[in-house]
Amino acid sequence: MKVTRRAFVKGGLAAFTVTYAAPEFLCEVARAQGARTRNLVILYLSGGNDSLSMLVPFNDPFYGSRRQGIAVPTSSVLQVGIDSSRVALGLHPRLVGLHQIFNQGRLALVQRTGYPNQSRSHFQGTDIWATADPGNPAGLGWLGRYLDSLPSPVDALVGWNTTRDLPRVLQADHVPVPAIPSAAGYTFASPNSTNVAEATAERNAATRIASHVPVNQPELAFVYGSTQAALSTIDRVASVGAYTTPVVYPNTSLGQAMRAVAGAMVRGIGTKVFYVTTPGFDTHAQQGVNAGSYVTLMATLNDAITAFYTDVQNQGLLDDTLVLSFSEFGRRIDVNGSAGTDHGAASVMFALGGRVNGGLYGTAPNLQPGTTNPTLENNSADVHFETDFRSVYARVVDNWLGGDSRALLNGDFRNPALTFI
Amino acid sequence: MPYAFDEQIGHLLRRVGFGARPDELETFRKLSFNGMIERVLEYERLPDDVDTHIGQPGYVGNTPSAAGGFQPNTNIGDARQRWLFRMLHTNRPLQEKMTLFWHNHFATAFSKIAALGTVGQVLATRYMAAKPTEDPGRVRGQLEMLRENALGNFKDILYNISTDTAMLYWLDGYLNTAAKPQENFGREIMELFTMGVGNYTEPDVYAAAKVFSGWNLRAAGSGAGLHAEFGYNAGQHDTSAKTFSFAVYPDGRKTIPARSNLDGMQDGRDLIAGLAAHPNTARYLATKLYRFFVSEAGAVSESFVQRVSNAYLRSAGDMKTVMREVLRSSEFWDDRSYFTRYSWPAEYVVKCLKDLGWRGFSVGGSTLTSLSGMGQELYNPPDVAGWDLGKAWFSTGSMLTRMNFASGLTANQRNRLFDDAWDAANHRARPFARTPEALVTYVLERVQTPPMSSTVYTELTGYLRATGEWTASETQLKTKLPGLAHLVTGSAEYQLV
């Protein structure tokens, strides 16, 4: 971002006049020089993912008894082998595409991720995962801090959030991340839209007004920043809205978001970090086995991610792509009275992409209740964490984003065993 | 012409309502300071007749969301329109504003309830929005309950919400049994509805789930009136004693005693009373009220929180007493509090209508689509914590949607904007429209917006001249005035209330 300071003496207001670097040009230069853009797609499974249903320890003798009515039958899990503690594991039967990606060695599953004294609150838990800071989860997002650390000029489309609201993960101090739920609807309308000269004059006026950011009024300046970022990105986003692909994406919000991400990558508009989310993981009731809320969740996840994987693979962009999932907590081991599960602790994260070293990382919980079982907590009701989620973030920061995880995460969370990327 | 206290009146009506219609402004100009506050608070002295005007000429229109006409008790799109209509046309602005506050506080989403196999869209709309006088089974939707109790006693509201059909579905209370207590409601009643996170423990959550075991649903009514309603299911109540980390009773006892199944419903009444009376609840609400009514800028005033908490505790949770304290506070009236709140999408949309006009416009159809794009579907908050407020409303996508809504509205109101700047009888522009400077000044005075900098003012007059010399012709006015109104209501400044 190019920033020049001007003082508006007449109005008594200090203001920044902001112009963004010309991104198409930068992109083309970068491409001509053979530079690749590495993309990170953060996938938030909202509500607290029941990882014991996603990655099933089907031979654990307590799995069936503690999960009566919701246990995935051994015969239908998609086996992925045994982990280092010799526990046999299988993916949920609806994750057919992810199973294929696993077999291609491009899906890594990191078991029992969490942190000490894990919060069971959706809101506090989400903030902790978003900030990577259990002590101060009201701060900036871990990826927002990454964007802040990039050298100027930072392009206005360096981040792309596919939801309407800016998630805390992407909250940055001085890099506004646009929210683009639909590339097609991302336009500037005018009451005189049939009169090109008038509509253009109006858009020009809006753009000029938004460029005079009143820095001494921070509340107002924030809205100016949103308007400015919107108006400066409309034309490039329109090019993504026109993206066509032979790959059929499911007509779910996640499917359409993944389609937009692929479009943005293919168009090479310069975005490094994408945020996508899919809701409904707060499965307090009727999780189901062959049908039910969890089956629907897995179908939505599988179909969208598989379509995306195929699309970027066809476009030759797989090696530039890393998808990383998280959820605010796992769920209670025992089924509740509503054939669902309540809020728990540790969960599974997964990473997929062309450079991912696929496989099973960490160890599964042993579901046998007992005071001496170190893999459980809360009177053996919940799964205890083994890998601090910040170690997973650290690996991504250091080995994918090219950042410095110790500075970004305020501590050394590097874990040499986490070689998934 | 502006009056001496228009700034104060504008501030009051933006905060306790959704902006100022011209007739509201006239009414409030005639009142004393105390008269204004009492008119706002004692709204029950005014008739609750706003719904009778739906569909009448002179009021904003609606667009039935489905075939068969306007059905706000059974179609959620029409329910949304009815509420927007009330926000715009009510003479009891604080009633609608507090209802919106409670809707966000006890955030319950239509979509989850409607998706339940045994419920569906029609019943879910009834549980959320039906007026008992218009429902064949006398169902009182959650919003109607909140609206009736908007300035009622907090403990009553909490009891009503705990036995509310939509809430029992939303947080799975209908499935809470002795054998398998359901923690969803037990957690949120402490975390989000009363004391706030950090003031309860995980064992408190397990205990609260047991307290509300058996608070389920049962079938009621018949035929078209058939519906589910709260029923205490004694056989499914956990009769053991429940101990909390905080005082449940006024004498400091933390344990709800073991009770028989038949008496077990008292457990929940005790916990509700204990939570409602807890000083942390008073502080939690006072803080939220500060952010909602006073300011989102800077830190929350500790002195305000103490005074409002005290008013809450002294009055045992009487929300009218609490709101009187809020509206009489120096913080509320400090002119540094003006325009320090980020408008919610519903506030923005209704304020645009009050400022620019509503005749010939509909609060259905594309207005509802716009609200969704701005991030606020009424009756459908994203989760139990409600909407992300403040800055979170202002992503690029939602800001564009706001600007594009204003574009649609200004195009729609092209011939009516500001009492028609074109004087058709005399074939000339009215005096305020004869120069770009006069017109911009006039428009900025007419709408509820913070002062604009000279830079913005210059850009706006520049826009009026951008495509040709200013002649104040009819054609030019009817082209440029919508464009100007769009730039103003789509501006960053206008988003603040």
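In this text, all values refer to a predicted model and were calculated from it rather than measured experimentally.

Trainee: I'm lost on helix α22 (residues 436-446) of chain B in this one. Help?
Mentor: An α-helix turns once every 3.6 residues. As a result, residues three or four positions apart point the same way. Buried within α22(B) we find Pro436(B), Leu439(B), Val440(B), Tyr442(B), Val443(B) and Leu444(B). For α22(B), the secondary structure elements touched by its buried residues are α21 (417-420), α23 (454-465) and α24 (474-489) of chain B.

Trainee: Whenever I open this one, the pattern of salt bridges confuses me. Can you help?
Mentor: Any two side chains of opposite charge can pair, given that their charged atoms come close. All names here are of chain A. All chains considered together, the criterion is met by 51 salt bridges over all chains. The salt bridge involving arginine 236 is made with aspartate 155; its shortest N-O contact spans 2.9 Å. Of this pair, arginine 236 sits in helix α8 (residues 218-241) while aspartate 155 sits in the loop between α6 (142-149) and β8 (159-161), and the two are 81 residues apart along the sequence. Of the residues examined, arginine 236 reaches a relative accessible area of 5% and is grouped as buried.

Trainee: Where do I start with the side chain of Asn336(A) in this structure?
Mentor: Here Asn336(A) is to be found in the loop between β11 (321-326) and β12 (347-353). Given a relative accessible area of 7%, Asn336(A) falls into the buried group. Here the side chain of Asn336(A) touches Ser338(A) through a polar contact of 2.9 Å, landing on its backbone nitrogen. If we skip the residues at most four places from it in the chain, Asn336(A) touches His284(A), Thr341(A), Asp342(A), Lys180(B), Pro181(B) and Gln182(B).

Trainee: I tried to follow the sheet that holds strand β4 (residues 55-56) of chain A on my own but got confused; where do I start?
Mentor: Hydrogen bonds along the backbone pair up the strands of a sheet, which may run parallel or antiparallel. All names here are of chain A. Taken in spatial order, the three strands of this open sheet run β4-β6-β5, and their pairing is antiparallel. The open sheet has two edge strands with one neighbour each: β4 and β5 (78-82). Relative to strand β6 (residues 88-91), β4 runs antiparallel, the two sharing two bridges. Counted as the bridge partner of leucine 55 is leucine 91 from β6. Strands β5 and β6 of the sheet are contacted by helix α4 (residues 96-103), whose axis makes an angle of about 35° with β5.

Trainee: Please explain the pairing of β5(A) as it appears in this structure.
Mentor: Residues in a regular strand point their side chains to alternate faces of the sheet. Residues and elements named next belong to chain A. Examined bridge by bridge, β5 and β6 share four bridges and lie antiparallel to one another. Following the sheet pairing, glycine 81 is matched in β6 by leucine 89. The loop that links β5 with its antiparallel partner β6 comprises five residues; one of these, arginine 86, has a positive phi angle of about 65°.

Trainee: Where do I start with the nonpolar core in this structure?
Mentor: Among the nonpolar cores identified, the biggest contains 227 residues, and Trp160(A) and Leu301(A) are the most heavily contacted of them. With 10 residues, the single largest contributor to this core is helix α10 (residues 293-314) of chain A.

Trainee: Would you mind showing me how to read the packing of aromatic side chains here?
Mentor: In this description, a pair of aromatic rings is defined by centroid distance and the angle of the planes. Residues and elements named next belong to chain B. Applying the stated criterion to the full structure yields 39 aromatic pairs over all chains. Ring plane angle 65° and centroid distance 5.1 Å describe the contact between phenylalanine 292 and tryptophan 344, whose orientation is recorded as edge-to-face. Taken together, the residues phenylalanine 292 in helix α14 (residues 279-294) and tryptophan 344 in the loop between α17 (330-333) and α18 (345-356) connect sequence positions 52 residues apart. Using a relative accessible area of 3% as the deciding quantity, one classes phenylalanine 292 as buried. For tryptophan 344, a relative accessible area of 1% gives the class buried. Stacked on the ring of phenylalanine 292, the Lys or Arg arginine 341 has its end atom at 4.9 Å from the ring centre. Above the ring of tyrosine 494, the side-chain terminus of lysine 351 is found at 3.4 Å from the ring centroid.

Trainee: Would you explain the pairing of strand β2 (residues 227-232) of chain B in this entry?
Mentor: Residue and element names in this part refer to chain B. Burial analysis of β2 places five of its six residues in the buried class, the great majority of the element. Bridging between strand β1 (residues 215-220) and β2 involves six bridges; their strand directions are antiparallel. Counted as the bridge partner of alanine 220 is histidine 227 from β2. Linking two consecutive strands that pair antiparallel, namely β1 and β2, is a turn of six residues; a positive phi of about 70° is found at glycine 221 within it.

Trainee: Looking at this structure, I do not really get the interface of chain B and chain A. What am I missing?
Mentor: How big an interface is tends to be stated in terms of accessible area lost as the parts join. Chain B puts 59 residues into the contact, and the matching count from chain A is 53 residues. Interface area, chain B with chain A, both sides summed: about 4600 Å², of which 60% is carbon and sulfur. Of all residues in chain B, the largest losses of buried area upon contact with chain A belong to Thr396(B), Leu400(B) and Glu459(B), amounting jointly to 13% of the total for that side. Across the pair Glu183(B) and Arg332(A) runs a salt bridge whose closest N-O atoms are separated by 2.8 Å. The interface formed by chain B and chain A includes 26 residue pairs in polar contact (both at pLDDT 80 or more). Those elements giving two or more residues to the side of chain B that touches chain A turn out to be α11 (183-191), α12 (202-211), α19 (366-374), α20 (396-412), α23 and α24 of chain B. For the side of chain B that touches chain A, the element with the highest residue contribution is α20(B), accounting for 10 residues. Partitioned by chemical class, the residues of the side of chain B that touches chain A number 24 nonpolar, 21 polar and 14 charged.

Trainee: Is there a simple way to explain empty space enclosed by the protein in this structure?
Mentor: The probe, sized like a water molecule, is rolled over the atoms to show the empty space still left. Taken as a whole, this structure holds five cavities of 30 Å³ or more when the rule is applied. Taken as a whole, the largest cavity spans an internal volume of roughly 120 Å³. The wall of the largest cavity is formed by Phe188(A), Ala206(A), Ile209(A), Ala210(A), Tyr224(A), Thr227(A), Met403(B), His486(B), Leu487(B), Gly490(B), Ser491(B) and Ala492(B). Those elements that place two or more of their residues in the lining of the largest cavity are α7 (196-211) and α8 of chain A together with α24 of chain B. No other element matches the three residues that α7(A) contributes to the lining of the largest cavity. Looking at the lining of the largest cavity residue by residue, the class counts come to eight nonpolar, four polar and no charged. Approximately 80 Å³ is the volume found for the second largest cavity. In terms of lining residues, the second largest cavity is bounded by Ser51(A), Leu52(A), Leu55(A), Gln111(A), Arg112(A), Ala346(A), Ser347(A), Val348(A), Pro365(A) and Val383(A). Every element with two or more residues in the lining of the second largest cavity is listed here: α2 (51-54), β7 (107-114) and β12 of chain A. Classifying every residue of the lining of the second largest cavity gives six nonpolar, three polar and one charged.

Analysis parameters
- Residues numbered from 1 in each chain as written.
- Chains lettered and ligands numbered in written order.
- Predicted model: local features only at pLDDT ≥ 70, side-chain atom pairs only at ≥ 80, totals over all residues.
- Heavy atoms only, no water.
- Buried < 20%, exposed > 50% of the residue type's maximum accessible area, 1.4 Å probe, protein only.
- Helix = DSSP H or I, 4+ residues; strand = E, 2+ residues; numbered from the N terminus.
- Contact = heavy atoms within 4.5 Å.
- Salt bridge = Lys/Arg side-chain N within 4 Å of Asp/Glu carboxyl O.
- Polar contact = N/O pair within 3.5 Å; in protein donor to acceptor, adjacent residues only side chain to side chain.
- Pairing = 2+ DSSP bridges.
- Axes fitted to C-alpha atoms, helices over the stretch in contact; angles between N-to-C directions.
- Core = buried A, V, L, I, M, F, W, Y, C linked by side-chain atoms within 4.5 Å.
- Phe/Tyr/Trp six-rings, centres within 6.5 Å; stacked < 30°, edge-to-face > 60°.
- Lys NZ or Arg CZ within 6 Å of the ring centre and 35° of its normal.
- Buried area = accessible area lost by both parts, 1.4 Å probe.
- Nonpolar A, V, L, I, M, F, W, Y, C, P; charged D, E, K, R; others polar.
- 1 Å grid on protein atoms, 1.4 Å probe; cavity = no way out; pocket = protein on both sides within 12 Å on 5 of 7 lines; lining within 4 Å.
- Points joined across faces, edges and corners; volume = space filled by probe spheres on them.

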